[in-house]
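Structure at a glance
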Amino acid sequence: MSVLLCTQKGFAGAGPVMSNAVLHSKYFTAREAELKQISLHLLKGEGVASIVGVAGMGKTQLARKYADLSQNRYNIIWFFNCKRN
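The structure displayed is predicted, hence computed values, not measured ones. (Residues numbered from 1 in each chain as written. Predicted model: local features only at pLDDT ≥ 70, side-chain atom pairs only at ≥ 80, totals over all residues. Heavy atoms only, no water.)

We now examine the packing of aromatic side chains. All told, the structure shown has one aromatic pair when counted by the stated rule. On the numbers, 6.3 Å between centres and 65° between planes, the contact of Y66 with Y74 is edge-to-face. For Y66, a relative accessible area of 4% corresponds to the buried category. In this structure, R64 packs its charged tip against the face of F79, placed 4.9 Å from the ring centre. (Phe/Tyr/Trp six-rings, centres within 6.5 Å; stacked < 30°, edge-to-face > 60°. Buried < 20%, exposed > 50% of the residue type's maximum accessible area, 1.4 Å probe, protein only. Lys NZ or Arg CZ within 6 Å of the ring centre and 35° of its normal.)

In structure tokens, the structure reads:
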């Protein structure tokens, strides 16, 4: 499981994006509805969006794609491996 933490540019300044994100899957398709739902949720000011589901359904790829598409809105985009101590 990976967690994506971001700070909005409006809160942290206008510096360059700092990120450890790797490129998203080139085979990513047909998840526009989920991407829009995440974006709308975060734009409302909720601050956190959880992506939950069974293993292998593409939660990490969805988070990576959102980060890739929305990187101009954030100063920091960081992924953490929650399986490690």
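Here the narrative resumes, following the displayed structure.
Quick look at the pattern of salt bridges now. In this structure the tally under the stated criterion is one salt bridge. Here R31 ties to E34 by a salt bridge, and the two come within 3.5 Å at their closest N and O atoms. Under the relative-accessibility criterion, R31 is labelled buried at 14%. (Salt bridge = Lys/Arg side-chain N within 4 Å of Asp/Glu carboxyl O.)

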